[in-house]
Protein chains: 2
Amino acid sequence: MPAKTANPLDRMFHPESIAIVGASTSNPEGSWVRRLIDFKYAGQIYPINPKATEIDGLKAYPSVRDVPGPVEYAIFNIPARLTPQIMTDCIAKGVKYVHVFTAGFSETGTEEGKRMEAQLKQIVEDDGGLRALGPNCMGIYCPASGMTFNTDFPREQGKVAFVSQSGAESMRLVFLAQDMGIYFSKVISYGNAIDLDAHDFLEYLTDDDETEIIACYIEGLRQGPRFVSAIKRCLEKKPVVVLKAGLTESGAGAAASHTASLAGSKAVWDAFFRQTGAIPANTMDEVADIIQAIQRMVRPQGKRVAVVGRGGGIGVIAADICERAGLKVPAFVPETQNKLLEIIPEAGAGVRNPVETTYGLGGAVDFYRRGLPIVDDDPTTDVILVHMAIDVYGGHTPDLPRIVTEAADALCEKAKTLKKPLAAALFTGGHADTIMAVVAARDKLTNAGIPVFTGVEAASRAISKYASYCLAHSG
Amino acid sequence: MPAKTANPLDRMFHPESIAIVGASTSNPEGSWVRRLIDFKYAGQIYPINPKATEIDGLKAYPSVRDVPGPVEYAIFNIPARLTPQIMTDCIAKGVKYVHVFTAGFSETGTEEGKRMEAQLKQIVEDDGGLRALGPNCMGIYCPASGMTFNTDFPREQGKVAFVSQSGAESMRLVFLAQDMGIYFSKVISYGNAIDLDAHDFLEYLTDDDETEIIACYIEGLRQGPRFVSAIKRCLEKKPVVVLKAGLTESGAGAAASHTASLAGSKAVWDAFFRQTGAIPANTMDEVADIIQAIQRMVRPQGKRVAVVGRGGGIGVIAADICERAGLKVPAFVPETQNKLLEIIPEAGAGVRNPVETTYGLGGAVDFYRRGLPIVDDDPTTDVILVHMAIDVYGGHTPDLPRIVTEAADALCEKAKTLKKPLAAALFTGGHADTIMAVVAARDKLTNAGIPVFTGVEAASRAISKYASYCLAHSG
């Protein structure tokens, strides 16, 4: 095991004590104190509220300065106008990390908001020791230490870190990933960033042993060059997915209004992605899909895909979708086609690539067992994409759950023996029964380590971007 | 009401009698005879099978020539090698329409298959009276007359017609549309088209009073010029959505293998869409989405969208997605922004466009009631797109169904009063509870006539393509 990194931010994710300044007495259900208790944060929790002596069974203190022991981390849940005084109190107390949850600063666009933010920033800079997160942000989610900003987040610790300029997007990603069986080491919603900014967290996460994959949501940068060099160093060790929002005129206007960010030109960001090799994503679903591809797929050695599934027309459309995403669906070598013809009874059924398995998912089961090894051996393709068009059943087949389960079981069993990277696209219509059958199959497949996407479009985008990353960062 | 068209194909969809040549005795559950009975086809059904005297309670005949009364329509469910003789029998009997379900012809790529198909084609041409559908196709679904190739299809009659070179894709579209509450007048899976081809059905549907919207799935054309002129004439009366599969190199190879189609170059098809004004779609989900936009939205007068929903970052990404789909998300006029500021309490919340409603779906309900009329009056936007990010809840909020239902109810209520076209994007993660909440909300909204899409990406593509069609075909 490598020696633990000495980055001082490491203790920010594992503080020994947390003070909640402005601990709520009225809504302990959704309060910061209750979140830490519910999430089994193991350190000391100090509620700070001049009007209370006890909150949620814990002794409350009128000020952070009145806490008897040391306070390592403080969360501000107070009106914006009170934050400068409380920041000064924290410095006096020797607090090391402050998370200003409070909003109402520069993001409001008002002079008063900007003035208060500048004042807060000055206090932190003058001190030079304390590190501040925010204001106007959700802060830290770190399941290993029990820190969270949402008690519905999973307790499971994973290998993915997310650095986000948007609180809502960080919630969306955690839940989207959870449904795929993917978990996080650290999530940071960093807001207006008077002190700690995206590049600080990237630098920390580069050497963080708990993190293997990093994703970022960025609207605008305050310190572009530091971000670029942080990303570059990070990419030498770990894949980084970047959703840069505001790359269109419409999006840039929206970003200016959301976080007062200067979105930057598309040309500049195109150059950024080209020069750094960061993996670009356009939507949060795509971020989750790419993370899943990275975490679950064997590294693709190229961008040629073998497409396997039911339905000739579905295969033609799938081939078009793959090529539009930057992949190719080339014909198998004749030897592969001849071997496939032996196990697919109908003459003329697709064996060229895409492979059209026989009608029904029963035929799929048989093909997974006997056909996938043949496809796996074909020398013209690098990746196997299996699609299951559950929607063809329209939710009306009474034994749909059994059929889908059998197909998923057969794929899970065979997947262990394949050499090539494998991905599955399960597409469903909107019928509740097919959706539930797909959810069950998805959980089976992801538990077996197979990445599952909601369709060929989502799958091909993620595969293409991951393959580009692998080809650029070989080794 | 206009006079009924005299197109002779009309009777093909409403025949007075149907003979099933090769009526199955072994699997009546999935048989052609049982389908017609189950679907309440009201005409005479004649099972033809030399080895049976009765099938499914109906008298069976050894040959179509032995049927006592007239036979208007015949379905061939027999081995390919028998089809020439049976075709000759049908001509002798005076059958008007034949559907050759049987496969094993040119699509197999074998010389024998091509030879038999040429022979069948010659027999039909020599007769000059009988019209043939197929071979190698699913045939006709027409809920009004009780004809179907899948008994799980809905009995409801709708306004959409689908002309498809793929049987599986026609099943996918019917079920996808059903889940959106959209139904069909006629669906035709036409296969190898020795006689009746896509353009014949387009010409018929152009004047069909039961059809208001037409969609086509095409891999390749046998008679390009006739298809182009049929589409042009059709578009003078009705919108036509075309999914041309095989436009990429990968897809063209797949199409050659699937239906022996020459896919045609992308340049030729780009020119086709430019010259005809047909609405292009890339996936079957997109076909369904565009149909929904056409059927449910007031005609957009432009491509500028007002985006309304929870989450600042979600709004920025949504604006980017819209612009990438060919739409714009411009700033509202100051008057609109000022009015919105009055009802959105937080200073700095997005009122520029996208509109960031207050946190939670409770805030959404209030915004729908008080904010949507303000957005509706804004002069800089043509369409309102409301997004609900149900996935932010991660499926963990116990009263999620109630919250989502209240939001959907409020939107349904307010939608009636809006002048602008309205669309809703409901996006969910993969948690079963959020999915079910979204399905319930979707049904509520679509029942109220509001088009619902699975995300901003799907919504913006459909809106953009429908708006382009409306701008090109004003009136």
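Everything quoted here is computed from the prediction, not taken from an experiment. (Residues numbered from 1 in each chain as written. Chains lettered and ligands numbered in written order. Predicted model: local features only at pLDDT ≥ 70, side-chain atom pairs only at ≥ 80, totals over all residues. Heavy atoms only, no water.)

## Focus on the overall build of chain A
When you go through chain A residue by residue, the secondary structure sums to 16 helices and 18 strands. Across its three principal axes, chain A shows a C-alpha extent of roughly 80 × 50 × 45 Å. Once local pairs closer than 6 in sequence are excluded, the contacts in chain A between residues at least 24 apart make up 75%. Of the roughly 17100 Å² that chain A leaves accessible, carbon and sulfur atoms contribute 52%. Looking at chain A, you have 48 positive and 55 negative side-chain charges, and the mean spots of the two groups are 2 Å apart. (Helix = DSSP H or I, 4+ residues; strand = E, 2+ residues; numbered from the N terminus. Contact = heavy atoms within 4.5 Å. Areas by Shrake-Rupley, 256 points an atom, 1.4 Å probe, with all protein chains shown as cover. Lys, Arg positive; Asp, Glu negative; His and termini not counted. Charge placed at Lys NZ, Arg CZ, Asp CG, Glu CD.)

## Observations concerning the relation of the copies chain B and chain A
For the match of chain B to chain A, the screw axis carries a shift of 0.0 Å, the RMSD comes to 0.0 Å, and the turn is 180°. The relationship between the two copies is best expressed as a two-fold rotation axis. Taking the C-alpha atom as reference, chain B places B:I435 closest to the rotation axis, 4.1 Å from it. Most of the interface of chain B is mirrored in chain A, where 100% of its interface residues are also at the interface. (Least-squares fit on C-alpha atoms with pLDDT ≥ 70 in both.)

## What about the interface of chain B and chain A?
Often the size quoted for an interface is simply the accessible area lost on bringing the parts together. Taken together, the 69 residues of chain B in the interface contact 69 residues of chain A. Buried area between chain B and chain A, both sides added, is near 5300 Å², and the carbon and sulfur share of it is 57%. Contact with chain A buries area across many residues of chain B, yet B:R172, B:S250 and B:I317 alone supply 11% of it, more than any other trio. Across the chain B-chain A interface, the total number found is four salt bridges. Put simply, B:K328 and A:E249 hold a salt bridge, and the shortest N to O gap is 3.0 Å. The interface formed by chain B and chain A contains 28 residue pairs in polar contact (both at pLDDT 80 or more). Where the side of chain B that touches chain A is concerned, the elements lending two or more residues are helix 4 (167-179), strand 12 (240-244), helix 7 (249-259), helix 10 (312-324), helix 15 (432-447) and helix 16 (456-472) of chain B. A total of 11 residues in the side of chain B that touches chain A trace back to one element, the largest contributor, which is helix 10 of chain B. (Buried area = accessible area lost by both parts, 1.4 Å probe. Salt bridge = Lys/Arg side-chain N within 4 Å of Asp/Glu carboxyl O. Polar contact = N/O pair within 3.5 Å; in protein donor to acceptor, adjacent residues only side chain to side chain.)

## Side note on the side chain of A:D289
Residues and elements named next belong to chain A. Tracing the chain through its elements places D289 in helix 9 (residues 284-296). Buried charge without a partner: D289 forms no salt bridge, and the closest opposite charge is R461, 6.7 Å away. If near-sequence neighbours (up to four positions away) are discounted, D289 is found in contact with M180, F453, A458 and A462. (Buried < 20%, exposed > 50% of the residue type's maximum accessible area, 1.4 Å probe, protein only.)

## Observations regarding the packing of helix 9 (residues 284-296) of chain B against helix 16 of chain B
Residue and element names in this part refer to chain B. Across the interface, helix 9 lies against helix 16 with an axial gap of 9 Å and an inter-helix angle of 60°. In terms of orientation, helix 9 lies oblique with respect to helix 16. Considering only the axes of helix 9 and helix 16, their crossing is right-handed. Between helix 9 and helix 16, the contacting residues are E286, D289, I290, A293 and I294 on the first element and A458, R461, A462, K465 and Y466 on the second. Class assignment for the residues of the contact of helix 9 with helix 16 results in six nonpolar, no polar and four charged. (Axes fitted to C-alpha atoms, helices over the stretch in contact; angles between N-to-C directions. Parallel < 35°, antiparallel > 145°, perpendicular 65-115°, else oblique. Left-handed = near helix turned anticlockwise from the far one by under 90°. Nonpolar A, V, L, I, M, F, W, Y, C, P; charged D, E, K, R; others polar.)

## Regarding the sheet that holds strand 9 (residues 157-164) of chain B
All names here are of chain B. Here we have six strands laid out as an open sheet, ordered 8-10-9-11-12-13, and mixed in their pairing. Strands with a single pairing partner mark the edges of an open sheet, and in this sheet they are strand 8 (139-141) and strand 13 (279-281). Direction aside, the axes of adjacent strands within the sheet are offset by 20° on average. Strand direction decides the pairing type here: strand 11 (residues 213-218) and strand 12, joined by five bridges, are parallel. Directly across from Y217, in strand 12, lies its bridge partner L243. Docked against the sheet, helix 5 (residues 198-206) engages strand 9, strand 10 (184-189) and strand 11, running at close to 175° with respect to strand 11. (Pairing = 2+ DSSP bridges.)

## Points about the nonpolar core
Ranked by size, the top nonpolar core spans 222 residues in total, and within it A:M12, A:F201, B:M12 and B:F201 carry the most contacts. Not counting residues up to four positions away in its chain, the partners in contact with A:F201 are A:L9, A:M12, A:F13, A:L133, A:V163, A:I188, A:Y190 and A:L196. (Core = buried A, V, L, I, M, F, W, Y, C linked by side-chain atoms within 4.5 Å.)

## Remarks on the sheet that holds strand 16 (residues 383-389) of chain A
All names here are of chain A. In spatial order, the strands read 15-14-16-17-18; together these five strands make up an open sheet with parallel pairing. Pairing within the sheet leaves two strands with one partner each, and these edge strands are strand 15 (355-357) and strand 18 (452-453). By the bridge criterion, two bridges tie strand 17 (residues 422-427) to strand 18 in an arrangement that is parallel. Note on strand 18: the bridge partner recorded for A425 is F453.

## Some words on helix 3 (residues 111-127) of chain B
Think of an α-helix as turning once every 3.6 residues; residues three or four places apart then point the same way. Residue and element names in this part refer to chain B. In a regular helix each residue adds 1.5 Å, so 17 residues correspond to 24 Å; helix 3 covers 25 Å between its end C-alpha atoms and thus fits that length. G113, M116, E117, L120 and V124 are the residues of helix 3 that are buried. Here the buried residues of helix 3 occupy an arc of 100° about the axis, which is enough to place them on one side. Exposed side chains of helix 3 directed beyond 90 degrees from the buried face belong to E111 and D126. Buried residues along helix 3 sit in contact with helix 2 (83-93), strand 6 (97-100) and strand 7 (131-133). Looking at the residues trailing helix 3, positive phi occurs at G128, about 80°. (Expected span 1.5 Å × (residues − 1). Arc of directions from axis to C-beta.)

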